[in-house]
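Chain by chain, the residues run as shown.
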Amino acid sequence: MRHASSVRQNRPEAMGRVARVRQRIDDDPAADASLDALAAEAGVTRFQLLRAFQRETGLSPQACRRVRRVQRARDLIRAGTSLAEAAVYVGFADQSHMNRAFLQVTGAMPGAWAHTLG
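The notes below deal with the structure included here. Just so it is clear, the model here is predicted, and its values are computed rather than measured. (Residues numbered from 1 in each chain as written. Predicted model: local features only at pLDDT ≥ 70, side-chain atom pairs only at ≥ 80, totals over all residues. Heavy atoms only, no water.)

1. Section: the overall build of the protein chain
What counts here: Strands here mean DSSP runs of E at least two residues long; helices mean DSSP runs of H or I at least four residues long; both are numbered from the N terminus. When accessible area is computed with a 1.4 Å probe and restricted to protein chains, residues below 20% of their type maximum are described as buried, those above 50% as exposed, and intermediate ones as partly exposed. Any two residues having at least one pair of non-hydrogen atoms within 4.5 Å are treated as being in contact. For accessible areas, the Shrake-Rupley method is used with a probe of radius 1.4 Å. Any residue's cover is judged against the shown protein chains and nothing else.
Looking only at helices and strands, one finds seven helices and zero strands in the protein chain. Reading the helices (α) and strands (β) of the protein chain from amino to carboxyl end gives α-α-α-α-α-α-α. Looking at the 118 residues of the protein chain, the share that counts as buried comes to 28%. Look at the contacts in the protein chain between residues 6 or more apart in sequence, and 53% of them connect residues 24 or more apart. For the protein chain, the accessible surface area stands at approximately 7200 Å², while carbon and sulfur atoms represent 52% of it.

Right, here's the structure in full:
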């Protein structure tokens, strides 16, 4: 069993790894990197990444990617991009996939949200 002091000493390293993965997601949320690929890039197991990411962000890497995709889609829609184009551009399989994620993240459908803009 690990002692609390060794866990605290490894925490900055874990935070750095989580920060790298989070930055990768922020830079390109449309990229479809698997959890295994993200963990390998961070130099940890997928379970270590899940625990550390959850601890630091409150989300799983996949949930973080979904939120970032919705945020980018919202920005594109605000700028006048069609819903279907925004969905494809940010990495959703189609508009209905984006609609479900958008509703989950924001509590509103993208079309209804877009109508409030204008």
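2. Quick word on the nonpolar core
Going by this rule: The definition of a nonpolar core used throughout is a set of buried Ala, Val, Leu, Ile, Met, Phe, Trp, Tyr and Cys residues joined through side-chain atoms within 4.5 Å.
Val21, Ile25, Leu38, Val44, Leu49 and Phe53 are the most contacted members of the largest nonpolar core, which has 13 residues in total. Breaking this core down by element, the ones donating at least two residues are helix H1 (4-27), helix H2 (35-42) and helix H3 (46-57). The next biggest cluster of nonpolar side chains, apart from the first, holds eleven residues, and it includes Ala73, Ala101, Phe102 and Trp113.

Keep in mind these numbers describe shape, not what the thing actually does.
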